[in-house]
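Take a look at the letters that make up each chain.
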Amino acid sequence: MSAFVSKYEDELIKTAKYIATPGRGILAADESTETIGKRFAGINVENTESNRQAYRELLFTSPGSYPCLSGVILFEETLYQKTSDGKPFVDLLMENGVIPGIKVDKGLVDLAGTNGETTTQGLDSLGARCQQYYEAGARFAKWRAFFKIGATEPSVLSIQEDARVLARYAIICQENGLVPIVEPEVLTGGSHDIKKCAAVTETVLAAVFKALNYHHVLLEGTLLKPNMVTPGSDSPKVAPELIAEYTVTALRRTVPPAIPGIVFLSGIQREEQATLNLNAMNKLDVLKPWTLTFSFGGALQQSAIKAWAGKPENVAKAQAKFLTRCKANKDATLGKYTGWASGDSAAFENLVVIGYSG
Amino acid sequence: MLKSAGVLPGIKVDKGTVELAGTNGETTTQGLDGLGDRCKKYYEAGARFAKWRAVLKIGVNEPSQLAIHENAYGLARYAVICQENGLVPIVEPEILVDGSHDIQKCAAVTERVLAACYKALSDHHVLLEGTLLKPNMVTPGSESAKVAPEVIAEHTVRALQRTVPAAVPAIVFLSGGQSEEEATRNLNAMNQLKTKKPWSLSFSFGRALQQSTLKTWGGKEENVKKAQEAFLVRCKANSEATLGAYKGDAKLGEGAAESLHVKDYKY
């Protein structure tokens, strides 16, 4: 095999397969302290550890949400936090069939000589950190690379560098028992059309899988978190069916069948939008050898966080909003979403924050 | 005649291998010069697909990065030129069976090579939905102990799952030096395997379809009918194998169970 064999091989394969269970998906709750601060600012809530703990507890104890979720991505601080009853979040989640994961990258740095392109840092001592996270109960990890579309972007340098770094991250995770979610996000910013996004996404994904192969990454124990293929944010919108067609075509052209699941990021999409697109993909009558599901942050939380507004008396209301999105997306992973959740008020608000870097 | 019977004519377009200087007997394949014009002519003559064979070998230091890269990018240029001129390119990166390596080594090399091929095809903007792959099966080396068809099937299909995008509609195996019966049984085992296979698994056999036919014919006019019967036996057996329905009961023609391995095979 070109994949190296680690003592964690069977576990990695089992975990990746479980996360990709049809009918379940991932809650991306790994906003850094800085980013969650921005979200809290939007609802006039102070960015304290206690508020961060309270908000995450709200999400992780939402009744009825567990069957919709196979995993939650956490930020480092959250991995070590507990419920107000003193139960570690990781134990609560595991007991309820939801696997805890951990964001392990350390954000972006500019690539000198490029037009605002970036690479992602975090490889230093990553092995040791992964070991600690595994001991703390994490079983998968996430690392996000960015690619922008412009006249001369993404450059060959940014594609090669980010693909290489994603592959190094992935293999280090697997050496230490964590399933790597590989996230090569092609940003929506721009006035390009959907065909341009498709071409760039295919080029980026081809480079990523070449790098994963080169670095001996075990694909059966890996998950992909790509962008959906859409027109640029400054371009006219298109129907979910078109997004589904371009996205699934791009994936069929680049993602080897050995990958068990593809867990989409929602980026700047609104809650309902993301659900409709995911649903359209699962309805598409074409051979898809991997599960297509969600790894949504904003698109699962936007309504909930607004409803909470930092007040304990709003917890049940907020949880109900969260549950609505969970169930809607669960339906979408099965191609069965009928649009029943579209009435929610925040579902239509734009999540656009230019330069969004959660 | 072929077309009216529902059999599409294809054409070999490569011009054989040449050595890569500085390597230990590794090669690249030539044939790109004027390939576009040649494809046009072949299309006019009725061809609708083409084939180009790249050859890699397994050794202590082989295949080298150079050999993999050079052959992958040669295949990609060939493929896009074909598509520009209406021919479906069969992409054939054959890893020779010669050697004493085990099946794991063959699997590792096959995965490396196929990953490089699909990266090159992507770089060259080849339309995967309009290509076919013609790979080797994953087997132990010719000087190593044989293994069961089920083992070959498992390693082969896993290698393909790890490298071949679902957009490729079909994988048409080469038979290499396998005997007619061996090749059929291995193909059959692959199609019986219960695992993800988003592409058809079929055959593109030369020797493994023609061996007993050739022997039976022996160049004599009076043997034509018998030779055609021998050919039909192998055709039917392989047809069943593509459906995982081969029962191993094909009437073995002369030499059907003989190994067809020729060291460092060129054709």
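All values reported here derive from a predicted model rather than from experimental measurement.

Cut-offs used in this document
- Residues numbered from 1 in each chain as written.
- Chains lettered and ligands numbered in written order.
- Predicted model: local features only at pLDDT ≥ 70, side-chain atom pairs only at ≥ 80, totals over all residues.
- Heavy atoms only, no water.
- Contact = heavy atoms within 4.5 Å.
- Buried area = accessible area lost by both parts, 1.4 Å probe.
- Salt bridge = Lys/Arg side-chain N within 4 Å of Asp/Glu carboxyl O.
- Polar contact = N/O pair within 3.5 Å; in protein donor to acceptor, adjacent residues only side chain to side chain.
- Helix = DSSP H or I, 4+ residues; strand = E, 2+ residues; numbered from the N terminus.
- Nonpolar A, V, L, I, M, F, W, Y, C, P; charged D, E, K, R; others polar.
- Buried < 20%, exposed > 50% of the residue type's maximum accessible area, 1.4 Å probe, protein only.
- Pairing = 2+ DSSP bridges.
- Right-handed = clockwise from strand over helix to strand, strands pointing away.
- Core = buried A, V, L, I, M, F, W, Y, C linked by side-chain atoms within 4.5 Å.

Undergrad: Please clarify how the interface of chain A and chain B should be interpreted in this entry.
TA: Bring the parts together and some accessible area is lost; that lost area is often taken as the interface size. With 26 residues of chain A in contact, the opposing surface of chain B contributes 26 residues. Taken together, both faces of the contact between chain A and chain B bury some 2,100 Å²; the carbon and sulfur share is 56%. Counting across the chain A and chain B interface gives two salt bridges. Summed over the shared surface of chain A and chain B, the number is eleven residue pairs in polar contact (both at pLDDT 80 or more). Within the residue set of the side of chain A that touches chain B, elements represented by two or more residues are helix 8 (194–214) and helix 9 (240–252) of chain A. Considered class by class, the residues forming the side of chain A that touches chain B number 16 nonpolar, five polar and five charged.

Undergrad: I tried to follow the pairing of strand 9 (residues 261–264) of chain A on my own but got confused; where do I start?
TA: As a general feature of sheets, a regular strand has side chains that alternate between the two faces. All names here are of chain A. Of the two faces of strand 9, the one holding G261 and V263 and the one holding I262 and F264 are both buried throughout. The pairing of strand 9 with strand 10 (residues 291–296) spans four bridges and is classified as parallel. Residue pairing across strands places V263 opposite T293, the latter belonging to strand 10. In terms of handedness, the path from strand 9 via helix 10 (residues 271–283) over to strand 10 forms a crossover that is right-handed.

Undergrad: Quick question: what am I supposed to make of the nonpolar core here?
TA: A general tendency of soluble globular proteins is for nonpolar side chains to be buried together. Counting residues in hydrophobic clusters, the biggest one holds 108 residues, and the most contacted among them are F60 and Y169 of chain A. Of the residues forming this core, the biggest block, eleven residues, is contributed by helix 8 of chain A. Setting aside residues no more than four positions away along its own chain, F60 of chain A makes contact with L27, A29, Y66, V72, L74, T78, F89, L92 and L93 of chain A. I68, C106, A116 and V126 of chain B belong to the second-largest nonpolar core, a separate cluster that totals 62 residues.

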